[in-house]
Amino acid sequence: MATSDTPTIFKSWIQSCINTIGSEAGPNDFPSSGRTQMNDAVSHRLRHDARLHFEALSSSAFDDGDARNIGAAQAKSEVNPLRNQQSTAAQDVSSASSGNANGALAILVSTFGPVLSSGSAVATNDGLKALSRKSHRLVARARALHCFLGALEGSGSLTHGVREAVGRFLVEICKFGGTEDGNVDPDGGEDLMESERLEFVDSADLSPEEITQQLKSMDEAEQQKNEALSPPIVTVNADDIRDISMICLAALLCSSLDIFPTRESKSTESPPLEKAIEVVYQSMHLRLELAVLGLRNRCDMGDSDSINASSGAGYESMQIDFSVEEGLSQLPRAKRSICFNLLEGALEGIEKDASKWKALLSQSESETSSFCNLIPASVLGKMSSFVSLIASCLHGETDPRCLLQLLRLLNRTQQVVLPLFESHNVGCSIGSDIDVDESHLIGKIGFPSVDIFDAVAPYYPVHFTPPKNDPHGITRDLLQYSLMSVLCERGAKYDNIPINEKNGEDETMITLSGRMFLERLDPPKTVMDYEPVSSGSDSDVEDKLDAIRDLSVLLLPSSSEDANPNIRRVTTAFLTELSSSLARVHEESVTSATGSPTTDNETSRGSDAKDQSSLASSVRQFSSKLAYSLEGYRPNSVESGLKRSEQNIATTDLSLWEAFVVDIIRRLSPTLGSAPQGSHGRASTAYLASLAAGGGLITLNKVLQSCIPCFLSVLELLNDDRKLSSAFAQSGSAKNRDEDKMAAAMRGIAALVSSCRVTLGRLERERRGVQINPHPLLLYASSIIQMISSVLNSVAKDGSDNQLSLAAVAALESLLTSADLQTLNKENVNSMIKSFSTLSNFIIHSDHAVTTTSSSDQWKTACARALGALIARVFVDDSSGLANECNDLDVYAGSLLRQTLSSASSPPNTTFNTNCNRYDWTVLAAACSNGPMSVSRRIVSDICSKIIEELRSNPASKDSIDFIPVTALSYLVRNGGMNVSISFHEQEGRQSSSFTIIEELCKPFKCKSTTDGVAKGERDMQIPVGMSQLKLPSSQAGDMEEANAVIRRANLFLPHLLPAYEHTSAISSLRTLVNSVGQVIPPLSEWDEVKLSVCLPLLAAVLGCCDRAWSKLDATTVDGLKSMIPYLAQFCMNPDHGLYARSSASSCLFSTIFHYSNEERCDDDGFAVVHNLLDNDVFPALEEAIESLKADMSDDATKEKSSFLFVSSFSRIEDILNFMSVLGSAAECKGGLYARLGDSIASFLVELTCTNMAKFSSDRESIELISFTEDGRENPLMNASSHISILTASAFGNMLSVYNGSPFWRQRIAHKTLPTILRALHEQSQSQHPPALGTLAIICHMLCCLPVSILGKSNVRQFVPTLVAGLVYYSKNTSILVESEMISPKAAELLPIVIASLAKLLSNSPDDLTKFMGIIIPSFSLLCASKISKDYIPIQVLVLQCLELATKHPHARNTILREKGQVVAVLSALVDHPSSIIRHTAVQVRNVWYSTL
């Protein structure tokens, strides 16, 4: 854009501002409510045009060599402004030209000045155009300001002088009355001429007609006058003009500084760089002055005339009497936000100036004196006042939007301004504009952190609940985060800040915030009326947990940083106080958790104890992490990561660490030597052990040095045999007191040793495996071993175990896992061997290895874990798995391992059952969990060898084996850690032990050997080569019998082997299993059936262990699984196969469909496979089974026989329906294209249940079940049609009971099937027969599997009558369930589902049952009184629970009182029930009914 066009453009802009005739301004044109965007088309256009014009000027100014030509041209004709004695503003404005943004902006100010002045006429080159109406003048000013705003937004950077001139101009407009004319009505009315004010009608001596005529003439004259003027415009008041000027001022203050022309001129006459730095200081000073004065002027509401600012000065004086806070409180929320935006703009400008200042300092340090590196004290004083003003704006603010804006502004202030107060930046002022004697201010001007804290502290903690449908999105967490950002000075980067002295104590934001959090955590107990800050929670513990979290945010590093800089900004006094408070709160919480007073509500008591334990744990975690941070240890870079660098040690200040750690250790450790068994001693032990475990190496050594001698002093009694004997010989309280004291000391040693292991493990990981030398336990290991040996030797003598011996075994285990055993001397090794020999006598020998009582379980478990820890320390982590027998202890451990393996694989002398505890297995599990991989390899290999040996040696006469080795393997998998399962599946393929076990399980039993030395069974199974030598089995029945025997053995064996395949490490064996199954499916012989019976459960366990297994499969394995889908389907529906194997095949099929590839092509292929299964296999088989059942029922000969003949047909239908439900649930969980298939299956099952006829798709014929007869409707329990409908309903329930996939597919199924169900319920409600069992089963499954929110309250209410009718029918016909021969057990299995549905409604939706309670309670009483069989006991327990829930019904009081006598009588009769669980439950429910009023 040409420079010469600028004046012309400005003239057109001013003409647009003045020309208000015909404007179409509306009520939202100007920000009367604080809006910064106007809908006036003229204002929008002017702002847009101005921004584009000045953006073009700003870019063109730097197109030609960084404006060197402009600077050189001006240097020739003008005096350099920075070397002249004139003011910077005058120089910049006088030297400006319309060719750059600065000059154009100066011209724009002079051009638009008349429009924005308070006069009533506007001067233009075309003459004077009178603006006779106030609204016209205000609109013109508003448009002019918007034009100004666009110019400021388009200007990239401005010189200090131009900013000063424009800022002075805008500040004047912000004043109250700064936009008013001489006789303008402040309330917004029109200007009135004196003659107009005197116009009135004198009614004296005038008739009514004459008065009316005069008024009419006046109205006509007024109308003619208005027609001569321009049309009226919507009112724009003076406050709108002030708001727009504030927005312009904010845009001005946030613009960048252009040090003109110092940096642009390259002549030799240019001033030095320090002059440019002086301009930066002046710019900072100016931004602060203009922002504060603009805010004060805007907040002045005209209530006082005491503004002490001379006319025209603009910003010279800051002495204004009225309060900014008071003025802000009178402004609406939107106008307050504009004021805060002004402060944000000034802060953004300060940040830009600071960045430019740092850049100038870094350009040439040699050219600048050290004097220029110091920020003038006057500038810092203005910054301090500016920050205090921002903080004062927060007082009394209640609007969450403004509150959030101010909190963010304060945090931004800390990030920008606070680093400028570093001590090496503070100096006296320089420059002529701010040159005063400020030497006395050096070191006394500080950042006003106290003012900020005083402003934000009342808002902690945040109490805010956003209104419903809040469009602003402000939440409590958002406000809390912003508040914590201020309190924690988040993002502020500084090192050395001068601290103001207040009351003799150093006050910083961090210490102030920390003490406030500390008061919430540990309120002062000396001031009775003190009320600590609270979040409003009913629980005191919740407040303290919140305080711990806030302290963690304040002082601990986040996950993205190595250290929190706030840790260097606290004082030693604060850390000492913090440490004492943490220890005190920890002790109180531990005491409350372990010794809570007994309350009537046991549930509440348990919850309080749990909360107190959580608080104690949080305190320990925080204190240990803080000690670690204060210690200063951090893993260094890769080059120096092996050890702590000397520089880090030299620069680490341990004074803070000593204040937090050493002082509290000095206070707590004496208790450990005097009374470790007390509550104070136990809490101190736990607190110090957590410090040792979570702190660094220095903290660990300090805790060990201070605490272990105290514990050892308590145990000194063990070194004197005479004293020891007398101690054990004591009786009564003295003996117990000494034993408790020594046991507490021993447990304290165990805790400290375990803490040592935790710390060393973390440090070794951080140091990449380099161990700590010397070991921290080196000085104490020998003494600890002697004490432990003394205790265990005494146990060996008298054969009794006590708390002291338990603590000694625990300490021994901790010592084995933590100490360096290579440093032990011969005496210590012998003592340990003697101790372990004592322990092994209780564990390894067969008469002690198994116990069925709990009296000595704790002692033997501790001994077993200690022996396992010893075995774990012997082995090195290599492939050999051999013992490192470097000393006597290693030799003993190797021998112990061999004995334990032999004992673990052998049956015990006592009768073994699932309730027995095998402590030799516990030894091996502890060794695997604590030791390296080589330990697990050795143990698992030996156990697998024993399993294989037992399978091979089992004679043919036995159908089962003892299962001791495989049970041991199962125990190790569940309790020995991940290494056990990894070792079991480590060797892939046929060489692995896992595959060998599978092969042996599938082989036939060995027969008695013949004379040639070959077993008869083996010789018969061999088929010689050649067709002429083909030899068929001697008897097919014999092979089937033997195969069934092998399957029975496998079914007993597999439950112990499955845990090893339910681990993620079993993925390595998946390919072998898939190949094994793929080779024999479909089975062609009895031995193929055997192999499938073994491999399918294992394959299902691997596929179902986790979704991650599928991401690790290779393409060959995936293709193998997909190819097996049709064969698995046929296997599932074939009743000739075993039930266990068919169930496993269904699980494999479900997993394969669910995890089918999500690629579009694969989805289409998989959908086609599943759809073909339904069309070609499922529905033809279902139709055939239904027709077969109909034929059996129509045969007269069959009717005369037992109904047992129907069982096979019913089972066939049930198997097909269950398989259909598997396909449907898999398709629903898969989603996408499959979901339509699942929906069709669900709709088919529901329609078939409710209407007895259904069609799956349009291309298939309808399937019809057996029709209901009149007798069948009256007695559905004995009707085959009812039983079939229960089968279809159960299949639908199986679909709903699957919880994989998306959570919405069950909601979709409910939406699609509810119309059919409700229609059937409506039709059945018209009859007097009992409810249809199929429909009853459908609604019960939906109530049990789906929440009421999905079903809908109205639909549930329609379910309830049928549900209650079903309960009544079953309660009156319980005898049929036993006395009559049922066609299918499904009818009996429906009763507990009905009761479970009622129990859910009684708990979650009792109002829906209110009108039926008079029927429900008597029905429950009848069911309780029924004595059917042992299988009925679970149903009775469920009914008793429902009776207890019925007493809590809020609206059934009268019914409960009426039925109370009958119910209590029934419950009293159940007290003599043979089952103990029935007796106990009946007593509990009877007590509840007795207490019901």
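A quick note: this is a predicted structure, and the numbers were derived from the prediction, not measured.

## Structural notes on the overall build of the chain
Helix and strand counts for the chain stand at 61 helices and 12 strands. Counting over 1493 residues, the chain shows a buried share of 52%. Nonlocal contacts in the chain, meaning residues at least 24 apart in sequence, comprise 77% of its contacts between residues at least 6 apart.

## Side note on the nonpolar core
Membership of the largest hydrophobic core comes to 423 residues, with the highest contact counts inside it found for Leu 578, Phe 660, Phe 836 and Tyr 1061. With 15 residues, helix α11 (residues 273-299) is the single largest residue contributor to this core. Sequence-distant contacts of Phe 836, defined by excluding residues within four places in its chain, comprise Leu 812, Leu 816, Ala 866, Leu 867, Leu 870, Leu 889 and Tyr 892.

## Focus: the packing of helix α13 (residues 333-363) against helix α14 (residues 377-393)
The description of two helices packed together rests on the angle between their axes and the distance between the axes. The interhelical angle for the contact between α13 and α14, taken along N-to-C directions, is 150 degrees, at an axis separation of 12 Å. If you check the angle between α13 and α14, you find them roughly antiparallel. The hand of the α13/α14 crossing is left-handed. Contact residues: α13 offers Phe 340, Leu 343, Ala 346 and Ile 350, while α14 offers Met 383, Phe 386, Ile 390 and Cys 393. Each residue belonging to the contact of α13 with α14 can be placed in one class, and the counts come to 8 nonpolar, no polar and no charged.

## A closer look at helix α15 (residues 400-416)
Three- or four-residue spacings in an α-helix give side chains the same orientation, since the helix completes a turn every 3.6 residues. Given a rise of 1.5 Å per residue, 17 residues ought to cover 24 Å, and the 24 Å separating the end C-alpha atoms of α15 matches this to within 8%. The element α15 is extensively covered by neighbouring structure, given that 12 of its 17 residues are classed as buried. Of all the residues in α15, the buried ones are Cys 402, Leu 403, Leu 404, Gln 405, Leu 406, Leu 407, Leu 409, Leu 410, Asn 411, Thr 413, Gln 414 and Val 416. Contacts made by the buried residues of α15 are with α13, α14, α16 (449-456), α17 (476-487) and α18 (509-521). At the N-terminal boundary of α15, the capping side chain belongs to Asp 399, with an oxygen 2.9 Å from the backbone nitrogen of Arg 401.

## A look at the packing of helix α37 (residues 993-1002) against helix α41 (residues 1086-1105)
For the pair α37 and α41, the least separation of the axes is 9 Å and the interaxial angle reads 140 degrees. Crossing geometry of α37 relative to α41 is assigned as right-handed. Contacts between α37 and α41 pair Ile 998, Leu 1001 and Cys 1002 from the former with Trp 1087, Val 1090, Lys 1091, Val 1094, Cys 1095 and Leu 1098 from the latter. Of the residues that constitute the contact of α37 with α41, the class distribution is 8 nonpolar, no polar and 1 charged.

## Some points on the environment of Cys 1442
Structurally, Cys 1442 is set in helix α59 (residues 1433-1446). The buried category is assigned to Cys 1442, whose relative accessible area is 0%. Apart from residues lying up to four places away in sequence, Cys 1442 is in contact with Ile 1395, Ala 1399, Leu 1402 and Phe 1420.

## Quick notes on the side chain of Ser 981
Relative to the helices and strands, Ser 981 resides in helix α36 (residues 978-984). At 2.4 Å, the side chain of Ser 981 and the side chain of Ser 1065 are in polar contact. Non-local contacts of Ser 981, meaning those with residues more than four positions away in its chain, are made with Ala 1060, His 1063 and Ser 1065.

## Considerations on the state of the cysteines
All told, the structure shown has 0 disulfides when counted by the stated rule. Cys 299 supplies the cysteine sulfur nearest to Cys 393, a cysteine that is in no disulfide, at a spacing of 6.9 Å. Under the relative-accessibility criterion, Cys 393 is labelled buried at 4%.

## Quick word on the packing of aromatic side chains
Counted by the stated rule, this structure contains 10 aromatic pairs. Between Phe 1179 and Phe 1244 the ring centres are 5.3 Å apart and the planes differ by 90 degrees, which places this aromatic pair in the edge-to-face class. With Phe 1179 in helix α46 (residues 1160-1194) and Phe 1244 in helix α49 (residues 1233-1251), this residue pair connects regions lying 65 residues apart in the sequence. Accessibility classification places Phe 1179 together with Phe 1244 in one group, the buried group. Here the aromatic rings of Phe 1179 and Phe 1256 are separated by 4.6 Å at their centres, their planes lie at 40 degrees, and the arrangement is tilted. Highlighted residues: Phe 1179 in helix α46 and Phe 1256 in the loop between β11 (1253-1254) and β12 (1263-1264), separated in sequence by 77 residues. Among the residues examined, Phe 1179 registers a relative accessible area of 0% and is labelled buried. Ring-pair connections join several aromatic residues into one group, and the members of that group are Phe 1179, Phe 1244 and Phe 1256.

## Observations concerning unusual backbone geometry
A cis amide bond links Tyr 460 with the next residue in sequence, Pro 461, at an omega value of -10 degrees. Geometrically, the link from Ile 1081 to Pro 1082 is a cis peptide bond, its omega value of 0 degrees lying close to zero. Here Pro 1082 lies in the loop between α40 (1070-1080) and α41. One non-glycine residue, Glu 489, lies in positive phi territory at about 50 degrees. Looking at the element boundaries, Glu 489 is found in the loop between α17 and β7 (501-502).

## Examining the pattern of salt bridges
Applying the stated criterion across every chain, the model contains 32 salt bridges. Asp 243 is the salt-bridge partner of Lys 335, the closest N and O atoms lying 2.3 Å from each other. Highlighted residues: Lys 335 in helix α13 and Asp 243 in helix α10 (residues 238-253), separated in sequence by 92 residues. Accessibility classification places Lys 335 together with Asp 243 in one group, the buried group.

## A word on helix α30 (residues 826-843)
The end-to-end C-alpha distance of α30 is 26 Å, a good match for the 26 Å that 18 residues give at a rise of 1.5 Å each. Among the residues making up α30, those that are buried are Asn 828, Val 829, Ser 831, Met 832, Ile 833, Ser 835, Phe 836, Thr 838, Leu 839, Ser 840, Phe 842 and Ile 843.

## What to know about the environment of Val 486
Here Val 486 shows up in helix α17. Beyond its immediate sequence surroundings of up to four residues, Val 486 is in contact with Leu 407, Leu 410, Asn 411, Gln 414, Ile 452, Val 456 and Met 509.

## A few points about the environment of Gln 363
Locating Gln 363 in the fold gives a position in helix α13. The class of Gln 363 is partly exposed, set by a relative accessible area of 49%.

## Structural notes on the confidence of the model for the chain
Of all residues in the chain, 72% have pLDDT values of 70 or greater, and the mean over the chain is 75. Within the chain, the element-level pLDDT minimum falls on helix α3 (residues 68-77), averaging 36, and the maximum on helix α53 (residues 1333-1345), averaging 92. In the model, residues 229-234 has pLDDT below 50 throughout and makes 20 contacts with residues more than four positions away in sequence or in other chains.

About the thresholds
Residues numbered from 1 in each chain as written. Predicted model: local features only at pLDDT ≥ 70, side-chain atom pairs only at ≥ 80, totals over all residues. Heavy atoms only, no water. Helix = DSSP H or I, 4+ residues; strand = E, 2+ residues; numbered from the N terminus. Buried < 20%, exposed > 50% of the residue type's maximum accessible area, 1.4 Å probe, protein only. Contact = heavy atoms within 4.5 Å. Core = buried A, V, L, I, M, F, W, Y, C linked by side-chain atoms within 4.5 Å. Axes fitted to C-alpha atoms, helices over the stretch in contact; angles between N-to-C directions. Parallel < 35°, antiparallel > 145°, perpendicular 65-115°, else oblique. Left-handed = near helix turned anticlockwise from the far one by under 90°. Nonpolar A, V, L, I, M, F, W, Y, C, P; charged D, E, K, R; others polar. Expected span 1.5 Å × (residues − 1). Polar contact = N/O pair within 3.5 Å; in protein donor to acceptor, adjacent residues only side chain to side chain. Disulfide = S-S within 2.5 Å. Phe/Tyr/Trp six-rings, centres within 6.5 Å; stacked < 30°, edge-to-face > 60°. Salt bridge = Lys/Arg side-chain N within 4 Å of Asp/Glu carboxyl O. pLDDT = per-residue confidence, 0-100.

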